[in-house]
Each structure stands twice: as structure tokens, then as C-alpha cells.
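Descriptive structure summary
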Amino acid sequence: MKNLFASSVLAALLGGFGPAGQAWAGDLARGEVCIAAADLACARAAAVGLGGTPRERGFLAELAFHEQRFDDALRLLKASTGPAPESSTQNGIDLYKATLEAVAGFVSETRGDVTVMYLPGTDEVLLDDTFTTLQAAHDRIGPRLGGAPPGGVRVEIYPTAARFIAASGIPAESVRTTGVVALSKWSRLLLTSPRALARGYAWKDTLAHEYIHYVVAYNSADNAPVWLQEGIARSHEVLWRRDDFAELPAYQQSLLAEALSTGTLVPLERMHPSMAFLPSAELASLAFAQVATMVEFLANTTGSDAARRVLLKVKDGTDALAAVAEVGANGDAGAFMTGWTNWLKTLRLVSRKLAAMPTVIGEGDDLATDPLLATRQDLAGFVRLGDLLFEAKRSSAALVEYQKAVPEDEPASPALAVRLARAHRSLGDDARAILILRASIIDYPEYANSHKELAQQLQRRGVTGEATTEYLSSADINPFDPDVQSALATLYAASGNAPEAARRRRYERILRLGGSPPPAPPAGLPEQIP
Amino acid sequence: MSAPRHQIQHHLLRIARRERTLLTLESLSVFIGVMSAGMLVAVLALNLGYRAPVGGLMALALSAVAIGGWRFRDFRRAGEVRRQALRVEAALPLLAGELLTVLDRSARPLGSEVLVERMARRVLAPVQTLPLRAVHPARPAVLALVLAACLGLLFSLTALLPIGPGSLLAAYQQPAQSPPPLAPVVGPRAVVGDITLRYLYPVYTGLAPMEVPNSNGDVHAPPGTTVEVRARSQVAWTSAVLELEGGPEGEPGAVELGPDRSIRSSLTVPVAAAGDVVWRFRFQGGGGSMLSPDYRVILDADLAPQVAVDARQNRASMAVNEPLGVPWRVHDDYGIRKVVIEVRRRDKTWEVEVRAPINVITDLDGRLLLTPEELNLQPGDSARLRVKAWDNDDVSGSKPGWSGVIEVTVSGAGGDHSRLLPARKELRDALVLVLADFLLDPEPALDVPLDGAAWSKRALGRYDDYDSIVGRSWAAGQGMQADRTALQEVEDRRRTLFALVRAAPAAGLLAGLERDALVAAQRAHVVAVEGAVLLFDQMVQTAALKRVSELAQQMADEAAEMNADFPVITEENAAAALARLDQLERVLRELSAAAAQLGQSSLGEFTNQAADRMKDMLAEARKAMQEGRFDDAKTQMDRIAEEMRQFADGLADQQKRGEESSQALGNEMKELDQKLEVLQADQAALRDRTEQAREKHGPGMDEAVAIWKEIEGHAQSAVAASAVVTAGAGPIGGAIFRGANDLKSEAEGLLDAARARNAELARSRAETTAQEARGYSRMLGWAAQDGQRSGLPEVSRTVPAIQAHAEKIQTLLERLARAQAPPELQQALQKLSAEQQKISERAQELSKQAEGVAQQLPMKAPGLQKGAEQASAETARAADAMRRGDPMSAAGGQQAAEDGIQEARDALQQAAETLQSMGEGEGAGKAGEEPSEGGQHSGDQNLGMMAIPAPEEFETDRAYREALMEGMQGEVPEQYRSTNLRYYEELVRQ
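All of these numbers come straight from a predicted model, not from anything done at the bench.

A few words now on the environment of Gln716 of chain B. Along the chain, Gln716 of chain B turns up in helix H17 (residues 702–729). Judged by local crowding, Gln716 of chain B falls into the partly exposed class, with 16 C-beta atoms found within 10 Å.

Written out as C-alpha cells, the structure reads:
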């Protein structure tokens, strides 16, 4: 495995050199700058010999907090202050305590320069993919953005929303309303396990997304505005697994198409200082789509290292829009924007009306987490009636009720599509069921159940290749479904891919037993000594 | 048995006989003594003029019997040999228990027989020599006998009194003696004529004074009425008085004699009289006196109020916070003072006021919206409730009247869900199957000749299971308001659909309005079934989720405790740890059973998956322990604890979110209700101002008012006549029946328009009613020519009357159009129209808000949207009428708008209560304030289960009609009058 940050670490060990400049042992001011720039190797070098004064102990506490040494962090911070700490210090103590509680029971595993903290148990099925994703992100995305920060990367996987909220320091209400599930902060990546969400989420892309924020903060000395950070992260987050930029989600395409046709794009100025200030979630989603396509346009027209060049300028203090204009249109912001909108018009954007997939943290009924049915109680009622009829083995009648739940002006919601497909399948109309599912997956690709249902139907018809792909898509969003892992194990075994089959079988066992099974006794020895 | 022991036994039996003899003597003496004493007192009381209560005598007799009975117990026990042995032992302490030992050993041989025999011989002599009187002295019996004899002697002496013992019983059996009748007055009478009576009724009756000229002199009036008498005598008298005979004693009334032989006097109708009451004049003059003829005073007694409750069951089980929802009616001849609910729980009775009208009012009705909680009842209580009304009789005193009794059993807040849950689930599942069939075969095929009977028979069968469940589990007032409302809605829609299908022609295609009506009825039927399914499902799901969540929490706590108790697993504690795992598994099994109620919903799937996983994990831990892998077992137990905690937290989180969502909905409902309340008040205030303007500027509008009253009268007559037509056409069925129904609908629409003072709509309705009547008359003519119809003459006679009423209304509306409001009034109305317009805009806004709220409600609350839409439309109509200067239409629109708002608020209130009782609306609370008791809540949706049979329960229409007729026949108790009335209404509907 390629060592991600070997050069930086080596430099630090040898003489304390880092990208933020040279660091000298015992240089507190330098160390603080290094931490702010996400350069932990530099900070670590500067920390040598510090600790004599309260401020130094505060710095050491912060460094420990960034390095996931939470016990040390709390101890040092407490030691840096008297019995009546200042409010900022008290806030720090509170945060460290909350983090310690949130990671209670966690274990740590390091592969190369990536350290993952997680709670032993079912989250173990995320480990392999976490390392793989970050490795791929480093290999494929890092260079396009100017390289990864030295000092390694630390990830924490929180098994529940409550633990994530406690560790993030964000108010619970904000997390629930904004749907934040991951964070790049304090030189760490904080990720909510997909099992904490009702129907999972595209957690690997999200992990890559947060990694990009980490890299961008480092390469821009944390000067990049939110819109630029989001533009780069949104457009680049899929590049760990593919060579080209991905299409926008259908929902965002429909927003963009409408805004283009009506001339209601969100001006960049309105995205300052934060997209959170936009008046509606729909407008924020449109803004994200705009900046993502803007960065994509920039890369398509000026080369794959466009983002790196922009970040360099931003790091030097250039305004973000000016930097984009300089890289993309010789400094002519107007020309850049015109070029971008013209390019957008060449794209075949989805124009049908679609509902946004809500991010619902915690367990929930699939109707409550459906993009449409969650807000349309009238339609949800018909779906429930259909479910009751289906349970009573009255599929034809169930279809009548399900059809009533299809809105007049938009496609069936994903939860409904799965039900329609099941009802058709039970009536022997597999072809129609598959058609419905495929159409729904185009509109709502992040709905794991659609992939699973389609995979099951394909597998039943013997289309094993596509079935495997669909099962994988389902597992990528919700890896905690033992049936999906079992099906994958079977399909891989049938195709002769024994290692992958074994891995999936292991995942299934982890999921069924709540954690890794105990290691088998060495071969040749009796299991128990008589 | 040996001889000594036999002799002992024999002697003891002799002692027993003596005791029995003495006891008999003593008991008889006591009985005779007590009876003699009682009768002695009774005879003395009678002779002194007191009517001693028969009950007292009876009590004495019973006492005597009781004493005798008590002694009988001793009599029975006296036969026991061992008892007598104990007495002997007590009298001969030297025996030191030997006698008892001999007896016991004789009964159950034990030990040495020789020793027992020796002991028997030893005790025989002292026992035999002991005198019997030493064991049972005769003194108490003799004393009792002497006392009884003395009392008996005293009693026999009463024969010397005027009312002797012989007539004692006869005296009690006779009713109270009336005072001897008045001796009839004989002799010639003075001639009196031209009698005029002027009645001045007591104030409480609210009756205006009434004058009766040329009276025969007899007075008919309620007590307390003052009657002024004017008359003329044949001859002149010098003086006279008015005598009142049979009433309370008093001075004769003064009489004023005029020079023209006129007579003036007055009398007051007495409150109570022992017999006939008469009045007459006693004249003086010419050295003598003479009486006038006697005139009767006939009391129109003010009876107690008649009170009826409209409960279809006299027994109900309800939640402590659930409104009773029982409609009530009170009628009194002269006025009602107050209406209360009388609550009787065990031996305590109390009252809670319902209404206390300020004005004199003879009829009151309303709906009991008080909850058991507000009646001071607690969960677990059983109480008997009656509506009690007091009249306003100030003269003879207020009198109460009562309704029938409703027995109420109170369960906890939100109802006893655990009790109702299986019944609701069963009902939901049965209705799902009904729904399935009606979704796929909703009505008879409309494009082929209709065979309604065949379809109807087939479709009726779909309800078999449902009917069976309703009959078994829901017939006795089960469930809560929401349950009953949903079931009632299904019943109503089902009945309408089947009635239409059966009324359809046996051959030929359905077309036009008939087809539309059938399609609309089947849609409404499906919507009702869907609504009921969703409601029951939500209740089942809510309860199941709550239970699953509780069990998950319990499981998580137990798992955490287990982990704390077993930090390390060793050989020694493995068995104990295994027992704890078993305990966890038991809870898990219970959880799985509860989760089964969630069905295949995604939450159910999630719970089942989690339960399966935890089951596997428990099995793995157990396996590790059995194999001696204690570290692995401990690891697995840690995982189990963590898994269970996460599962419990996840469910708790979801429940919390559900509660938050309900809280938000509850707040929205509350806010909407408050806005509606303000709008209602504003509209009422503006209506008052409109009325004031009309009174001030529009005296000429009296004509318009009178015309509208007349129109409304004609419309009411048309509706009544159409009911007769419908009832007559019912047995004939087919097109005749459908035509009658259409005619009735038109007439009812006409009445609605008249009540709303909507001239435009009334004109249109009158026209269509007249047309419909003409067409129907023609149809009846053809049917008569066929000669196949019987019973049509009555119908044929009535239809022209409907037509006449409709045409008369048309004429009146033309007159009304000419009755223009005065210019001043028009100006005043136009000024007010701006305010009405603002109210209209607010109503429109609230209508949209109501639609949004209704969509979020599981029960949809159709009245909410309908009422809000009516308010929106009627406020706009009122504003338009005011701009045009039409006061009557404006007032009608304003009133209809207020009614619409009230309907919306009622629906909102009911929905809030349902949400609350379902447990999902903890924060929903009650929308707005409590509506006043007895308010005009006209809906009949919460009357409990049907007491009237459904038509589909009968083979033919005729059979159904006969059943209804039977139900209507004969006198019914007051409390069942409302049911009787509904029989009639149902008959009319057929």
C-alpha cells in the first residue's frame, strides 16, 4: 500500500519541515499556525518541549484533540486552567468531554497513514471500504487538489446520530434540520455510520467529500469560501471511483433546468458568506448544483488541475471568484459565467419535477423518509392501504390503492415504486416490475431498497451480472442489510470470485452476530483441551 | 361400644334434649313478646290518631323472626354431643377433660382401649349423678316466658280501645281517608250571565294575559293564575262576595257591584286542592241571600319536564377524557330552569350543571360534551348518569324530570387501548377485505343492463365477517368516539349505496344523473371504508409501536444490568449468566409478538430484522458459554447490550419525532380553531350590526321579513309532503321510488335556500321543485294507467301540494324582489360591506389552512373542510348582498357562514380529541376552548352503534318497512322516544 503522507512525516521527523513553513521545536506560535492550517506534522514538531505554561498546555491539548488522543486532550486542557476557567476554555472542556463520551468503547485501527476509530460491532463491515475509499481518494483526487496534508488522516465512525451530534459540537436541532451526517473538522473526518440513518446513504462518496474538504482547507490555508469548497467537493467526490465527473442527481438537475429556463440562478454573491443563509433548502440545493457544475466546467475547459491552481491563488489571498475567473477566463468573471451557463444549456438536464431525498437521521418508517410521501399524508394514506391489501394477499386491489398514491405531476416516489414493483411481481408481471424500478432508480439513485428489489427480481430471472451490480449499489448505500450481503456472497461464489464471496459472507456473519466472530482455533489443534 | 361409654352417650343426649326444649321455649317467648310489644305500640298510635308506618311494624316482625332465627342456630348446635360434654366438663371441673377424651377416643380409636374403658367407667358416675338443671338451668327461658305473657296481656287489653287490635291491619290497608265531601248546596240560584274571564297567568309561564268572553264560568288555568271575573246579574243586589270552595281556606273575595247589575271580582287558582274546586257568588239583598250557580275551577297542572337522551345504548365504556357525546332534549309546558347531569356512583349522588337558560324557554336540546373527568369520575369508576331538568314553576315549586339511565364504565385517558387493540385489529383486517372487493368490483357494471339484486346480494356477502365482528365486539357501546364515528360513516355509506343499487331498474342501462349518483355513492362508500381502515390501523400501529418501544427499553436496561453484574464470565457464574440470557430472550420473544402487530410495514420489518439479529447474538453468546469460551461469551454479551441499547434509542427517537410532529399538528389545529373562533365572533358582531341597521332604517322591511317567513313555511310544508310521498313510494321501489327521492332532495334544497335567505338559489330551487313535481305527477299517472301499482292514490294526492308550495314560493319571491330596501338602509349596508369583505377574505384564507390541516389528519375530518368552505362562500355571498343593499340575503349569508364555521370547529374539536385519545396527539390537546354544553351541535355522527336495523338485513324492502313500522308502533317510554323518532326518519328515507 502506498504510504500517503510518508514524505511529510519524514520531513517532520528529520527537521520539522512542513508546507506551512519551517517549524522549530518549542515554537508555540508556529505550532498554532500549523494546527490552523491542518498541518499536524508541523504542529507536532513545534510541540516538542512545550508544556511549561498554561497556554502551551492548551496548545498541546488542541494538538492531542486533533490527533484523536481525547483523554490526553482533556487532561491537558484542564491542566492549562485554574478552578474557574474562561468561557472559551470551558467550552473546550465541554467539547472534549462530550467527544470522550461519544467515542466510549471505540477501538482504533491504522492502515498506512489512515487511522479509523469505530465501535466494535456491526460497523466493522465499514472498515475495509473506509480504508479503500480514502486510499483511492488520496491517489486519484489528492493530486488534482495539490496534495494531501502531512501527518495522516483520522476518521471516526459514529454508530448513532446522538454520538455524532455530541462529537460534532453542532446543536442537535441543526443536525436534524440540515441533515449533516459527516464533518471535516479539527483535522479529523467525523462520519455517521449509515446504519444510523433510516435507509442508509452514499457514505463512501460522503467520506471522499469530507476528505476533499480536509485537503482543500490545507491547500488554501483555509481561505476558500464555502461555495468554492462545496463546488470542489461536490464535483470531485465521485472521482475516487470513476475517471470523469458524475451527473448531478436528478433532483438537482431538475432545479438547475428550471432556474436556467426562468433565469433564476442564484448569484454567487448570495452564497457569501455561507450557503446556509439562503432562504430555502431548495435554493441551497440549486446553489450547490451551480457551484459543482461551475468547477466541473472549469476542469473540463482548463484541465484536471484547475482546482489546484485556483486553490493556490486563494491561498495567496486572491478572491475566490477572481481566482476562478483567472484560471477559467483570464480574469474575466463575466465571460466565465457566460461560458458556464452556455455549457449548462448543452447538457441534457432532467426537467421533470422531482422531490428532494430527505436526510433523516435515526430509524424511521420508509414512508417517513420518502422524498414525497413524508410530506404528502394524503398519498401516504393510500400507500398504507395498499400495504394492508398486499399483506392480505390482495395484490390487484393493492395496486389500485398504490396508483392513487402516484401524484399527477411527478413520478412515483421511490418507496411507492418498490411497492408497485412488488405488487406487479406478485401478479406475475415481472417485466413491468423491473421497468418501474429502473425508472425509479434513475430519479432516485440513493434509495437502497430500489436497488435491492431490482437485484432480487433480476437474480430470479437469472440476470446475475446486473443483479450483482444492483446488490452492490444497495450495499454501498446501506451495507447493513444481511440479506444483501448474503446474496452478494452467493453471486460471487457462483461467479468464481472466492475472496469477494468470503468477504461478503464474513460481513453477513458480522451483521447477524453483531460483530466479528471469534477467530477459529488453529488448525490441527483440538478446540478444547480435555 | 362398651356399656359405660354407651351410658355416657345416652346421658349426654338427654342433656341435649333438655337444652333444645329450653331454647324452643325461650325463642317462642321472645317472638311473642316482641310481636306483642310492636302491636301494642301500633294500636296505641292508631288510637292517638297517628298512622304508624307499616314499615315499622314489619321491622318489628322481622326483628322477632331474626331473634328466633338466631336462637335456631343454638338449637341446631344443641344436638352435638361434644358440646354437651364441654358443658358437663364445665360443671364438673374435677373431670379434667377425661369425659372429652373418652368421647374423642370412642369416635377415633387411638392408644390403649383398656385405658379408655377404665376412664369411661371413672367418669360415668359423676356424669350420671349430675342434675340436668346444673348443666342447662331453666331460669332464662322462664323469665322470657313471663315477660312474653305480660306483654301479651297488655296487648289483649287494647281490645277495650276504640280501634282495637282486630281492625289494626284493616286500618293500615285502607288508603288515606279523604276529608268528607262538601255538602252540596241546595236551593234556588241567582241568575248570572255575560261572564267574561280574564286570565293573568303567573309570570314564570311567560303566557300573555287572555280574555275569554261569553264564558260558561269554568276556569281552566295553571295554579297561581289570577282570574278576573266580569258578569251581570239578573236582578240588582246590594252586596256580594266570591266564594271559592275546595281550595285553601280564606276570606271570600270582594265583589264590586255596578249600577247596571254588573259584577266584577277576581279569584286565584289554588296551588293544590283536595277535591273538586268550585267558585260562586253569594249575593245579599232584599233581606236574604242567594248563591249563584257553581262554576268549576279546573287546574292545568304544570307537569315535570320531559327529558330524553338519544343514547342508542344505555351502557357505554369510555375513556376518562372522552366526551359523552350523547344528544339530549328537554321539554316543559312553561319553561325550563336548568338542566343537569345527575351522577350516581355507588352510594353517592351529585349533579353537574349543563344549562341554565336566562330566558323562558320550553324546549332545549344539545349534546353532552362533558367528559367523565369533568363529571368527577375516575378511571375504573362505574356510574349511572341521568339528565335531569327542573322546570321554572315559581308557584308550586320547581319540579324535576329525568331521562333514562346511562351506565358508564370509565377507563384511563385515551381509552383502554390494550382492551380495544385486538378488536380494532380484527375490524381493520375485516374491512381490508371488504375494501379489496369493492375496489375491484365497486358497482354493478354500468354499461350492461343492471342486475342490481344479484350484485347487491353478492356485495352484501362481503360484509359478513365485518358484521359478525361488529355484532360480537362492538355492539355494546364499545370503543371511543372515533371508533363509533368511523363505523357509523361506513354504515351510512354502505346503506346509501345498496339502497341506490336496489332502487335501480331491473333492466336497461343506467344513464345521466342516476349513473352519476351511483358512481358518487360507491366512491363515497370506498372513501368511508378507507377512512375507517386507516383510522383503526393507525390506532393499532400507535399502540404496537408504543409497546415495542417499552419492551425494547426494558430489554436494553436488563442487558446493561446483566453486563454490569457479570464483568467477567467464569466457570462459577456461567450458569447465572445463562439464566440472565434466558431472561433477555423471553423479553425478546414478547417484543417479537408485539412487533407482529406492526405487520409488514417498514418499521415492522426493521423491528423484526433487529429481533432476529438479537436472537442470533443471544444464541451465539449461549453457545460460547456452553463451549467454555467465556471471553467470547463476554464479548458477545457486550455486543448484545450495545445492540439492544441502540435499538431502544432508535425507537425512542422515532417515537419522540412522532410526538413532535403531533405536537406541531396540534398547535396548528389550535391556532386554526382560535382564528375560526375570532372569525365567528366577528361575523356574529357584524350580523348584529346589520340587523340593527335593518331595524333602524328599514321598518319597511317588515314586509320582506314576513315574505321570507312565509317562504320558509311553504318550503317546510313541501319537505313534509315529500316525506309522505317518499314513504308511500318506498314499497313500490324502482323509478317511482327514485322519483320520490329526487323530489324530496329538491324540496330539502329549497328549504335550505329559504333558511339561508338566498333569494337567487331559492328561486332556482323552487323552479326545479315545481318541475320535478309536475314530472313526477305525470309518472304517477302512467303508473296508475298500468294498473299495476297499489297505494299510489295518497302519493298522487300529495305531489300536487308540493308543486303548489313551490309555485307559491316563486310568486312570493317575485313580491320579495319588489320589496326594495329603503335607500338609507342600502347605504348603511354598503358601508358595512367593506367589513364583510374583509371577513370574507379571512374566511378564504382559513379555508385553505383548514384544507392543509385536514390533509394531515388520519381521519381527514371532512366537516372541517366542508364547514370552512361554506364559511368562505357564504361570507362572500353576504358581502355581495350588502353591496347590492339586500339585507335579507346578507343576513342569511352571515348566518350560514357562522354555521359553517361552527361545523368546522366541531370537526376540528372531534379530530383533536381523536388524536389525543390515539395517544399520538399528546401535544395536540383540545382545539380551542370547550364548546358550550348544549350548543347547537347538530351532527349525529357519534351516536354509537345503529339501533335501527340496516335495510340490507332484510330480504325485501317490504320486510324492512314492516320492521320499521313495528318499531314505531305503540307508546314508548320517554327515553326511547328519540329511537322511535329515528325509526320514523328511517322509514321516510326508504
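With that out of the way, let us pick up the confidence of the model for chain A. This prediction gives chain A a mean pLDDT of 84; 88% of its residues lie at or above 70. Note that residues 1–23 of chain A has pLDDT below 50 and, in this model, 59 contacts with residues that lie over four places away or in other chains.

All names here are of chain A. In contact at an axis separation of 9 Å, helix H15 (residues 306–315) and helix H16 (residues 320–329) are set at 135° when each is read in the N-to-C sense. The pairing of H15 with H16 is recorded here as oblique in orientation. H16 is crossed by H15, and the crossing has right-handed handedness. Contact residues: Ala306, Arg309, Val310, Lys313 and Val314 in H15; Ala320, Ala323, Val324, Glu326 and Val327 in H16. Split by residue class, the contact of H15 with H16 holds seven nonpolar, no polar and three charged.

Turning our eyes to something else, we now look at the sheet that holds strand E1 (residues 192–200) of chain B. The sheet built from five strands is open, its strands ordered E2-E1-E4-E8-E7 (chain B) with antiparallel pairing. Edge strands, defined here as strands with exactly one partner in the open sheet, are strand E2 (210–212) and strand E7 (256–257) of chain B.

This part takes up the interface of chain B and chain A. The partner chain A presents 29 residues to the 36 residues of chain B that form the contact. The set of elements that each furnish at least two residues to the side of chain B that touches chain A consists of helix H9 (417–440), helix H13 (512–565), helix H15 (602–626), helix H16 (630–697) and helix H21 (823–856) of chain B. Top contributing element to the side of chain B that touches chain A by residue count: H16 of chain B, with eleven residues. Residue composition of the side of chain B that touches chain A, by class: 13 nonpolar, ten polar and 13 charged.

Attention now moves to unusual backbone geometry. At Lys393 of chain A, a residue that is not glycine, the phi angle is positive and equals roughly 60°. On the secondary structure map, Lys393 of chain A appears in the loop between helix H18 (377–391) and helix H19 (395–404). On the basis of neighbour count, Lys393 of chain A is assigned to the exposed category, with 10 C-beta atoms found within 10 Å. A positive phi angle is found at Asn376 of chain B, which is not glycine, with a value near 65°. Assignment of secondary structure puts Asn376 of chain B in the loop between strand E17 (363–368) and strand E18 (382–391).

Bringing the nonpolar core into the picture now. By size, the foremost hydrophobic cluster in this structure holds 222 residues, and its most contacted members are Tyr211 of chain A together with Leu431, Leu435, Ala532, Val533 and Met555 of chain B. It is H13 of chain B that contributes the most residues to this core, 19 residues altogether. Ala532 of chain B has contacts with Leu431, Ala486, Leu487, Glu489 and Val490 of chain B, leaving out every residue within four places of it along the chain. In this structure, Ile711, Ala740, Leu751 and Ala762 of chain B belong to the second largest nonpolar core, which totals 75 residues.

What follows is about the environment of Ile35 of chain A. Residue and element names in this part refer to chain A. Here Ile35 is to be found in helix H2 (residues 28–36). For the pair Ile35 and His66, spaced 31 residues apart in sequence, the C-alpha separation works out to 8.4 Å. Non-local contacts of Ile35, meaning those with residues more than four positions away in its chain, are made with Ala43, Glu62, Leu63 and His66.

Basis of the calculations
- Residues numbered from 1 in each chain as written.
- Chains lettered and ligands numbered in written order.
- Predicted model: local features only at pLDDT ≥ 70, side-chain atom pairs only at ≥ 80, totals over all residues.
- Helix = DSSP H or I, 4+ residues; strand = E, 2+ residues; numbered from the N terminus.
- Buried ≥ 20, exposed ≤ 12 C-beta atoms within 10 Å, placed from the backbone.
- pLDDT = per-residue confidence, 0-100.
- Contact = placed C-beta atoms within 7 Å.
- Axes fitted to C-alpha atoms, helices over the stretch in contact; angles between N-to-C directions.
- Parallel < 35°, antiparallel > 145°, perpendicular 65-115°, else oblique.
- Left-handed = near helix turned anticlockwise from the far one by under 90°.
- Nonpolar A, V, L, I, M, F, W, Y, C, P; charged D, E, K, R; others polar.
- Pairing = 2+ DSSP bridges.
- Core = buried A, V, L, I, M, F, W, Y, C linked by C-beta atoms within 7 Å.

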